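Commentary on secondary and tertiary structure
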Number of protein chains: 2
Amino acid sequence: MVDVAVVGVGQTAFGELWEKSLRNLGVEAFTAALKDAGVDRAAVQALYVGNMAAGYMSSQEHLASLFADHCGLMPKPVVRCEAACASGSLALRQAWLSIKSGAYDIVAVLGAEKMTDVTASTAVAGLMAAGDAEWEGAIGLTFAGLYALMARAHMHAFGTTREQMALVSVNNHKNAMKNPYAQFHSAITVEDVLNAAPIAEPLGLLDCSPLSDGAACVILASDKVAKRFAKPVWVLGSGQGSASLGIAARASLTEMPSTHAAVADVWKQTGLHNKDVGILEVHDCFSINEIIALEDLGFCPKGAGGKFVENGGITISGEIPTNTAGGLKGIGHPVGASGVRQIIDVARQLRGDAVNQLNDVKRGLCLNVGGVGGTAIVHALGVERK
Amino acid sequence: MVDVAVVGVGQTAFGELWEKSLRNLGVEAFTAALKDAGVDRAAVQALYVGNMAAGYMSSQEHLASLFADHCGLMPKPVVRCEAACASGSLALRQAWLSIKSGAYDIVAVLGAEKMTDVTASTAVAGLMAAGDAEWEGAIGLTFAGLYALMARAHMHAFGTTREQMALVSVNNHKNAMKNPYAQFHSAITVEDVLNAAPIAEPLGLLDCSPLSDGAACVILASDKVAKRFAKPVWVLGSGQGSASLGIAARASLTEMPSTHAAVADVWKQTGLHNKDVGILEVHDCFSINEIIALEDLGFCPKGAGGKFVENGGITISGEIPTNTAGGLKGIGHPVGASGVRQIIDVARQLRGDAVNQLNDVKRGLCLNVGGVGGTAIVHALGVERK
């Protein structure tokens, strides 16, 4: 069985990047990853692109061909993968499979999204394409609305509080303070979150990740060639699950069965478990989703996520340091890029060159969620190959 | 090395299917493929979806999750792949790689597109997302316009005539006559094509494939389990190439370097060559593209494609029977579905249950093109495993 390593990482700043187009962003991240890996683009045999919404927001599909050209990779095979906000990790997983198949030894994975070329209201409407547009979008639901329903259900079932949710955003903003790529460098308080403008109650503005432009890229290599690179970080496992696109069909609004399936597969592939993981990246598109993720991944019992956050479990010095570079809330959320950016931030922690560097961390876990969990993808990374 | 076989095929009718939604179409094709394979959906371990434009035309991304639910596959991993009109074969290729990686033994590949929920002018505008929207769409080019430029260049360089191009459409309509799934069941003449309303000169209405709804699905299996199935057709090779998204950057307008790369890889993987192939499916989105495809794939010298068609080379009794079930022009072109439909029609010829069944055909080749060749994907299929 072929093993796969992350051997280079690169990203653009995330934010409202008026001066940069989607193609600019992708090329910038790809170039940075090549430089970090110390490899020429000629060595890259294929490119996997993660993007959700360029068709809607930029009238541009066929993005992989665009990047084949502008990254100087023609006539090599290039692939666009899409699973809403999990597009980045979906691309990573397909690239991982392609290397395992023996087809390639070195593959680039590029997540990119340009969200500020349309108005915020157009973008919000477009993001409903990540949920069931026909059955739930058409009746007026937005993504904040969907997650607000899940938050209400969680509060009702488990006594989760708005303050506990607020602490998720506070932690992510705090961690982003020193991250040069982050959209926000502002500390916020629980009071700030509680007093922010309501978006879809109980979620306020500061419970919600922002609309962002940005791109992130990793270079993957097979074990055959990974030894040539200075800083390999091994992809120990990759798991993926699905659930209904809309929430009406769900048995429960307080969990994501797709995450259960994805993480179970990773534990099965790796023989690892929660206790073996020293750093965690989760998908905090809305504050409640970080709490649900902690539970669904098994870092605390179902319903105990709010308390876990309240007790400091997710902080840099906590039980499982989570989103140590700032998460989607602090760094920004260019949707197709976020899944790749999560991999970068865990890889940097494992390499030892991260923002808010932890001591002696050997393994990390990433959870990237599409929509309201229609897709969930989990990757485990490690310093050691096994 | 794991080998992969097509063990089941199914499709919907192609056409203006006002009464069916995208989800209806996908489920219908998936169900038909399961039935053809004689397998329960429980045996399907993953789903790969090819779709280009649901984000633009149906405000719906995250389609793989939609189909995971409606095809009864939750919580299994599901993937959407997109490369404009080559989305179907891109999904097939990724599924093929996933089986080769050892991750799965049985995978479904579903191509689906719903194009008639928007007006024709909206659809035509949306299809420009398959080309360089920012650099070439913004100046007014349409897809018919792009291919018209290529047709003019081909006529200028090689003396290709409008009559030769018209014969492509005549052949495709003739072949579609008995195809129960085809959008058109009308024989047309060269005069009909020449006298049709101009779309983008020299291309008239009957040089252009239609806007269509439809879905097509194949079930793939590894060699480990393929013996359980009654009618395996082997995927002997899969090649993919890229070229610039727009045409302005091309060295030549009369060929597609992506096709050269894709077919060269297939010959390398299989040790086969043109003489070993008894049936061909090519991407006749516009009549000129079938001529270019014949040349780029090596079935005739560069520039000789028009003459090859004029001499009957593509007919059922010709040198290389091409698009024997009617092609994109005759069957219709629901863009994400066409690449999968091509595989179905070659597989049926090899199994012996095709429309316009050929005698004693052992191997076939499919070329699916995205945009104006920004992506080209070639698959070789065969009755024998090697």
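A quick note: this is a predicted structure, and the numbers were derived from the prediction, not measured.

About the cut-offs
Residues numbered from 1 in each chain as written. Chains lettered and ligands numbered in written order. Predicted model: local features only at pLDDT ≥ 70, side-chain atom pairs only at ≥ 80, totals over all residues. Helix = DSSP H or I, 4+ residues; strand = E, 2+ residues; numbered from the N terminus. Rg over C-alpha atoms; globule rule 2.2 N^0.38 Å. Buried ≥ 20, exposed ≤ 12 C-beta atoms within 10 Å, placed from the backbone. Contact = placed C-beta atoms within 7 Å. Least-squares fit on C-alpha atoms with pLDDT ≥ 70 in both. Domains from an automatic or database assignment. Nonpolar A, V, L, I, M, F, W, Y, C, P; charged D, E, K, R; others polar. Pairing = 2+ DSSP bridges. Core = buried A, V, L, I, M, F, W, Y, C linked by C-beta atoms within 7 Å. Axes fitted to C-alpha atoms, helices over the stretch in contact; angles between N-to-C directions. Parallel < 35°, antiparallel > 145°, perpendicular 65-115°, else oblique. Left-handed = near helix turned anticlockwise from the far one by under 90°.

Let us now look at the overall build of chain A. Each helix and strand counted, chain A has 15 helices and 11 strands in total. Relative to the globule expectation of 21 Å for 386 residues, the C-alpha radius of gyration of chain A, 19 Å, shows essentially globular dimensions. The buried share of chain A, reckoned over its 386 residues, is 66%. Within chain A, counting contacts between residues at least 6 apart in sequence, those at least 24 apart form 78% of the total.

It is worth spelling out the relation of the copies chain A and chain B at this point. Least-squares fitting of chain A to chain B yields an RMSD of 0.0 Å, with the superposition described by an axial translation of 0.0 Å and a rotation of 180 degrees. Expressed as a symmetry operation, the mapping of one chain copy onto the other fits a two-fold axis. Within chain A, the C-alpha atom positioned nearest to the axis of rotation is that of A:Ser101, 1.8 Å from it. Most of the interface of chain A is mirrored in chain B: 100% of its interface residues are interface residues there too.

Residue and element names in this part refer to chain A. As assigned here, chain A comprises domain 1 (4-119 + 212-233) and domain 2 (129-207 + 237-381). Look at where the C-alpha atoms of domain 1 and domain 2 centre, and you get two points 23 Å apart. On the domain 2 side, the residues contacting the 36 residues of domain 1 number 37 residues. Of all the elements in the fold, those that place two or more residues in the side of domain 1 that touches domain 2 are strand S1 (4-11), helix H4 (87-100), strand S4 (106-113) and strand S7 (214-222). With 7 residues, the single largest contributor to the side of domain 1 that touches domain 2 is H4.

Turning to the environment of B:Ala176, a few remarks are in order. Residues and elements named next belong to chain B. Within the fold, Ala176 resides in helix H8 (residues 162-176). In the structure, Ala176 is positioned 56 residues away from Pro232 in sequence and 25 Å away in space, judged by C-alpha atoms. Beyond its immediate stretch of four places on either side in the chain, Ala176 contacts Ala182, Phe184, His185, Ala325, Gly326, Gly330 and Ile331.

Buried accessible area, meaning the area lost when the parts come together, often serves as the stated size of an interface. Facing 54 residues of chain A, the contacting portion of chain B comprises 54 residues. Mapped by element, the contributors of at least two residues to the side of chain A that touches chain B are helix H2 (54-57), helix H3 (63-70), strand S3 (78-82), H4, helix H6 (133-137), strand S8 (233-242) and helix H11 (257-270) of chain A. Among the residues forming the side of chain A that touches chain B, the class breakdown is 27 nonpolar, 20 polar and 7 charged. Of the pairings in the sheet, the one linking S3(A) to strand S3 (residues 78-82) of chain B comprises 3 bridges and is antiparallel in character. Residue pairing across strands places A:Glu82 opposite B:Arg80, the latter belonging to S3(B).

Bringing the nonpolar core into the picture now. Buried together is how nonpolar side chains tend to be arranged in soluble globular proteins. If you look at the biggest cluster of nonpolar residues, it comprises 288 residues, and the most contacted ones within it are A:Leu47, A:Val109, A:Leu220, B:Leu47, B:Val109 and B:Leu220. Not counting chain neighbours up to four residues away, the residues in contact with A:Leu47 comprise A:Ala64, A:Phe67, A:Ala68, A:Cys71, A:Leu73, A:Lys76, A:Val78, A:Ala108 and A:Leu110.

Moving on to helix H3 (residues 63-70) of chain B. Residue and element names in this part refer to chain B. Across the 8 residues of H3, 7 count as buried, placing the element largely inside the fold. The complete set of buried residues in H3 reads Leu63, Ala64, Ser65, Leu66, Phe67, Ala68 and Asp69. One or two residues past the end of H3 sits Gly72, with phi positive at roughly 70 degrees.

Moving on, we come to unusual backbone geometry. With an omega of 0 degrees, the peptide bond running from A:Met74 to A:Pro75 counts as cis. Checked against the element boundaries, A:Pro75 lands in the loop between H3 and S3. Residue B:Glu201 is joined to B:Pro202 through a cis peptide bond whose omega torsion reads 15 degrees. In this fold, B:Pro202 is placed in the loop between strand S5 (198-200) and strand S6 (203-204). The phi dihedral of A:Ser59 is positive, around 50 degrees, even though this residue is not glycine. A:Ser59 gets classed as partly exposed once you count the C-beta atoms within 10 Å, which come to 17.

Residue and element names in this part refer to chain B. Burial analysis of strand S10 (residues 363-370) places 8 of its 8 residues in the buried class, which makes it a mostly covered element. Burial along S10 is two-sided: the residues Arg363, Leu365, Leu367 and Val369 and Gly364, Cys366, Asn368 and Gly370 are all buried. Sheet topology places strand S9 (residues 279-281) next to S10; 3 bridges connect them, and they run parallel. Across the sheet, the residue bridging to Glu281 is Cys366, located in S10. Strand direction decides the pairing type here: S10 and strand S11 (residues 375-382), joined by 8 bridges, are antiparallel.

Residue and element names in this part refer to chain B. Relative orientation of the contacting elements helix H7 (residues 143-158) and helix H12 (residues 287-296) amounts to 55 degrees, with a least axis distance of 9 Å. One element, H7, and the other, H12, form an angle in the oblique class. For the crossing formed where H7 meets H12, the hand is left-handed. Packed against H7, whose contacting residues are Tyr147, Met150, Ala151 and His154, the element H12 presents Ile288, Asn289, Ile291 and Ile292 at the interface. For the contact of H7 with H12, the residue count by class is 6 nonpolar, 2 polar and no charged.

Time to look at the environment of B:Leu90. Along the chain, B:Leu90 falls in helix H4 (residues 87-100). Look at B:Leu90 and you get buried, because 32 C-beta atoms sit within 10 Å. Along the sequence, B:Leu90 and B:Ala376 sit 286 residues apart, while their C-alpha atoms lie 9.1 Å from each other. Residues within four places of B:Leu90 in sequence aside, it is in contact with A:Val79, B:Gly50, B:Cys81, B:Ala83, B:Thr375 and B:Ile377.

Residue and element names in this part refer to chain A. With respect to the helices and strands, Thr119 occurs in the loop between S4 and helix H5 (120-127). Since 10 C-beta atoms lie within 10 Å of it, Thr119 is described here as exposed. For the pair formed by Thr119 and Met57, sequence separation is 62 residues and the distance between their alpha carbons is 9.5 Å.

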